[in-house]
Amino acid sequence: MTTAVVTGLGVVAPNGLGAEAFWSASLRGQDAIRSIRRFDVSSYPSKLAGEVHDFEASRHVPSRLIPQTDRMTQFALAAADWAIADSSVDTALSSQLEMGVITASASGGFDFGQRELQHLWHDGPDHVSAYMSFAWFYAVNTGQISIRHDLRGPTGVFVAEQAGGLVALDHARRVIRGGTSLVLAGGMDSSLGPYGMAAQVAGGQLSTRDDPAHAYLPFDRDATGHVPGEGGAILLVEDERRALARDARIYGEIAGYGSTFDPRPDSGRPSNLRRAIEVALADAGLTTADIAVVFADAAGAAELDRVEAHTLVELFGPHGVPVTAPKTMIGRLYSGGAPLDVVLALLALRAGVIPPTTRVTPGYDIDLVRGEPRPFTGTAALVLARGHHGFNSALVVRSRGKEDR
Amino acid sequence: MSDLTLPELVEIMRECAGEDESAGDSGGNIGDVDLEHLGYDSLALMEAAAAVKRTHRVQLADDALAEVRTLNQFVTAVNAASTAGR
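Computed from a predicted structure; not experimentally measured.

Reading the values: rules and limits
- Residues numbered from 1 in each chain as written.
- Chains lettered and ligands numbered in written order.
- Predicted model: local features only at pLDDT ≥ 70, side-chain atom pairs only at ≥ 80, totals over all residues.
- Heavy atoms only, no water.
- Helix = DSSP H or I, 4+ residues; strand = E, 2+ residues; numbered from the N terminus.
- Rg over C-alpha atoms; globule rule 2.2 N^0.38 Å.
- Buried < 20%, exposed > 50% of the residue type's maximum accessible area, 1.4 Å probe, protein only.
- Areas by Shrake-Rupley, 256 points an atom, 1.4 Å probe, with all protein chains shown as cover.
- Salt bridge = Lys/Arg side-chain N within 4 Å of Asp/Glu carboxyl O.
- Contact = heavy atoms within 4.5 Å.
- Buried area = accessible area lost by both parts, 1.4 Å probe.
- Phe/Tyr/Trp six-rings, centres within 6.5 Å; stacked < 30°, edge-to-face > 60°.
- Lys NZ or Arg CZ within 6 Å of the ring centre and 35° of its normal.
- Core = buried A, V, L, I, M, F, W, Y, C linked by side-chain atoms within 4.5 Å.
- Pairing = 2+ DSSP bridges.

(A) Region of interest: the overall build of chain A. The helix and strand inventory of chain A stands at 12 helices and 16 strands. Taken over C-alpha atoms, the radius of gyration comes to 20 Å for chain A, in line with the 22 Å a tight globule of 405 residues would show. In terms of its C-alpha atoms, chain A occupies a principal-axis envelope of roughly 60 × 55 × 40 Å. By residue count, 61% of the 405 residues in chain A fall in the buried class. Carbon and sulfur atoms form 52% of the exposed surface of chain A, whose accessible area is close to 15,100 Å².

(B) Main features of the pattern of salt bridges. Residues and elements named next belong to chain A. Under the counting rule described, the total for this entry stands at 29 salt bridges over all chains. The shortest N-O distance in the salt bridge between arginine 400 and glutamate 240 comes to 2.9 Å. Here glutamate 240 lies in helix α9 (residues 240-245) and arginine 400 lies in the segment after β16 (391-398), a separation of 160 residues in the sequence. Note on accessibility: arginine 400 and glutamate 240 belong to one class, buried. The shortest N-O distance in the salt bridge between arginine 274 and glutamate 314 comes to 2.8 Å. Of this pair, arginine 274 sits in helix α10 (residues 273-284) while glutamate 314 is found in helix α11 (residues 302-316), placing the two residues 40 residues apart along the sequence. Shared partners join several salt bridges into a network, and the residues in it are Arg38, Glu51, Arg71, Asp111 and Glu230.

(C) Region of interest: the interface of chain A and chain B. With 12 residues of chain A at the contact, the number on the chain B side is 17 residues. When residues of chain A are sorted by the area they lose upon contact with chain B, Arg64, Asp126 and Tyr131 of chain A head the list and together hold 55% of the total. The interface formed by chain A and chain B contains one salt bridge. The salt bridge involving aspartate 126 of chain A is made with lysine 53 of chain B; its shortest N-O contact spans 2.7 Å.

(D) Layout of the environment of alanine 276 of chain A. Residues and elements named next belong to chain A. Relative to the elements of secondary structure, alanine 276 occurs in helix α10. Overall, the relative accessible area of 0% leaves alanine 276 in the buried class. In sequence terms alanine 276 and threonine 260 are 16 residues apart; their C-alpha atoms lie 5.4 Å from each other. In this structure, alanine 276 is in contact with Gly258, Ser259, Thr260, Asn392 and Ala394, ignoring residues within four places of it in sequence.

(E) Highlighting the packing of aromatic side chains. Counted according to the given criterion, the structure contains eight aromatic pairs over all chains. A ring pair is formed by tyrosine 131 of chain A and phenylalanine 134 of chain A, whose centres lie 6.0 Å apart and whose planes are at 65°; its orientation type is edge-to-face. Tyrosine 131 of chain A sits in the buried class, given a relative accessible area of 1%. On the basis of relative accessibility, which here comes to 23%, the residue phenylalanine 134 of chain A falls in the partly exposed class. The positively charged end of arginine 64 of chain A is found above the aromatic ring belonging to tyrosine 40 of chain B, 4.0 Å away from the centroid. Sitting over the face of the ring of tyrosine 364 of chain A, arginine 221 of chain A holds its NZ or CZ atom 4.4 Å from the ring centroid.

(F) Quick peek at the environment of glycine 204 of chain A. Mapped onto the elements of the fold, glycine 204 of chain A is located in the loop between α8 (194-203) and β8 (231-239). For glycine 204 of chain A and serine 190 of chain A, which are 14 residues apart along the polypeptide, the C-alpha to C-alpha distance reads 18 Å.

(G) Inspection of the nonpolar core at higher detail. All names here are of chain A. Judged by nonpolar contacts, the single largest core of 53 residues is most densely connected at Leu9, Leu235, Val237 and Val342. Of all the elements, helix α12 (residues 337-351) adds the most residues to this core, at 10 residues. With near-sequence residues (within four places) excluded, leucine 9 lies in contact with Ala19, Trp82, Ala83, Asp86, Ile234, Leu235, Tyr251, Val343, Leu346 and Leu347. In terms of nonpolar packing, the next biggest core, distinct from the first, is built from 35 residues, Ile33, Ala215, Ile277 and Ile366 among them.

(H) Here's a closer look at the pairing of strand β9 (residues 252-261) of chain A. All names here are of chain A. Of all 10 residues in β9, eight are buried; the element is thus mostly enclosed. Pairing analysis gives eight bridges linking β9 to β16, with the strands arranged antiparallel. Across the sheet, residue isoleucine 254 finds its bridge partner in β16, namely valine 397.

Here it is as structure tokens:
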């Protein structure tokens, strides 16, 4: 069977632009959760976020594309450029129909949408940008990346809140197995403006604490919700034979995937997270003994944390596997969150060190990697992501040594 | 309302559709370069037409806009519509 490998990483994260900066910030435990700067958040019950402060669109996105793109699309375009550059692939050498784009988006272009709705109601319809026709749309990142790099193969967009980024990466693997040679895949979200934050506050999942040290504490008995962040990652996923033929650096393999949906909350039936993990392991041909580290979903809400921790204890045993949630430094990034965890998982397997979880005192029988990075050995990592209202996704990545080929 | 000039239109296009990336290759005759070569698509034209409607109070009909292939043709069409409206 065709093996789908990752050969390029493009990262926009609150604690680092680019995969290298993000990786080193994550190892240092560099927290980026702060009071929101971009607008006056004083009247909002939730005031904290993991904002990206050092992204200047004019430096990273062609000027022609800036008036027609929301911030999340500017992130996605930059990350796609970086993933291609990182992979050293020359897209001109492949048929356009063999190259695809598959992204996830949870919210679409909130900032762009807010601005144009203000134009509509304040100044009238003549003042609404023609680009509003697509710039707000959750599918626009896939479209803009496809147009910019002339990638005309399989394209798609997934919406599954925080789980969406894993769905997109798995789908990239599927189309590569179907004959596509490379896919830019991942997820990107940014909705930290007045309208985006209002929508998130209404969702009821955000922590209302103002102290960055105590606002987002997944697996802690003191957990009270999460802090949102912005950004994500676009990965270049490639047919391994092709990657080897061009002597590309291979970060690792997308080895297994499983997704399930939870029963109705009032059904009394348990979560199906465990089954998603079991399906992913079976898909990878691995057992729990092969998993060297788990990147947790880390909801930061008591019941969701309990379900995730208990599922891990059931499958791996108490303190049976190192678990980490570096997203405690940046918040939950929705569709961008899991692709960033996949980036960290791949880099952790290469470097033999697990980036830590910050600030949390775990209240469950899991072996949480806290405070300091932890050296480890192993060749496979499990990344978990759950989307609001019941999405469960599990993805296994595996390093590809010469002996595996 | 005074007539629209080419430099004004170039500025409008920059504001609403981004800096032109190939203007340097057009030998200074940017007004006669095919809009596609300048990288301006139909939505960029719609944006510019909306801006001209606001600044010069001239509305280009959709079919007139559809025939525009260069910035000079855009200027001519706007000023013709303006004259017709006086």
